[in-house]
Amino acid sequence: MDTATFETDPVRELRGQFTDITTERVYAVPVITAHTSTTMERLPTALSYISGDVRYCEPVGRSPAVTEIIVRRTSGLVSADEEASMILISSGCSSKPYHRQAAEYHAARIRDQSSYADVVTCHLVQDPAIECVRYEVSNGRVVAVPLFLTRNENTSKLSRKLGFERGNVDWIDPFSSHPRITDAIRAEVEKQRALDDGPPSTAREDEMLQNGSVESHSVR
């Protein structure tokens, strides 16, 4: 398994690395919570510099493994009972629903798997906004879960935007280093392999990518 990281522009920053890849088939997994404009538009362009058959998988952030990580980490900080609430925070996007959908997916699973009084979602750049979420919880014991796999400029803003005093909120750190993330990556690759019975249909897949109906697919 190889990794490739970029700061702002995957085409400019990764083109050389991708051109050097000679593997016949490559499974590319975005290690991110959910799709963004970059993963839907710029990253497939960067991946096109790989000479082999590239299979572009879904981001790992909606994996059931991520739900398990959240439950395990939060229950170690704040007991999952009727006197505690959980807030899931995503970056959100005004034009695309993927981060909101990921947050709602995990919230629904956690409500089924735990006894928190409230499990609510909010977003940095989308409604429901993070500044208003404090009115949605029913008690003062709160555990906040940033749905970010790594620390970034957004995670540093969360405490101020949430509007709670630091002592009233427990936080869990981004969880990219958790071993279950590796399981989530492996699961996305295996899911793609199961779909690889037939040849790729690039015209249809390009259309799906442009329309935002993203599935695991070939980018060539």
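Our subject is the structure that appears above.
Cut-offs and rules
- Residues numbered from 1 in each chain as written.
- Predicted model: local features only at pLDDT ≥ 70, side-chain atom pairs only at ≥ 80, totals over all residues.
- Heavy atoms only, no water.
- Pairing = 2+ DSSP bridges.
- Helix = DSSP H or I, 4+ residues; strand = E, 2+ residues; numbered from the N terminus.
- Axes fitted to C-alpha atoms, helices over the stretch in contact; angles between N-to-C directions.
- Salt bridge = Lys/Arg side-chain N within 4 Å of Asp/Glu carboxyl O.
- Buried < 20%, exposed > 50% of the residue type's maximum accessible area, 1.4 Å probe, protein only.
- Expected span 1.5 Å × (residues − 1).
- Contact = heavy atoms within 4.5 Å.

Trainee: Please give an account of the sheet that holds strand E3 (residues 84-90) that cites residues and values.
Mentor: Either a parallel or an antiparallel arrangement is found when strands of a sheet pair, and the pairing is made through backbone hydrogen bonds. The four strands are arranged E4-E3-E5-E6 in an open sheet whose pairing can be described as parallel. Two strands close off the open sheet at either side, each with one partner strand: strand E4 (118-123) and strand E6 (169-171). Ignoring which end each strand starts from, the neighbouring axes of this sheet average 25° apart. Bridge analysis of strand E5 (residues 141-146) against E6 gives three bridges, and the strand direction is parallel. Looking at the pairing, Ala144 lines up with Trp171 of E6.

Trainee: Could you give an account of the pattern of salt bridges, with specific residues and numbers?
Mentor: For the structure on display, the rule yields 14 salt bridges. Across the salt bridge formed by Arg100 and Glu104, the nearest N and O atoms sit 3.5 Å from each other. Of the two residues, Arg100 and Glu104 are both situated in helix H4 (residues 98-113); the distance of four residues between them amounts to about one turn of the helix. Residue classification places Arg100 among the partly exposed positions, given a relative accessible area of 25%.

Trainee: So, H4: which residues are in play, and what are the values?
Mentor: The first and last C-alpha atoms of H4 sit 23 Å apart over 16 residues, in line with the 22 Å expected at 1.5 Å per residue. Those residues of H4 not exposed but buried are Tyr98, His99, Ala102, Ala103, His106, Ala107 and Ile110. On its buried face, H4 sits against helix H2 (37-47), helix H3 (64-77), E3 and E4.

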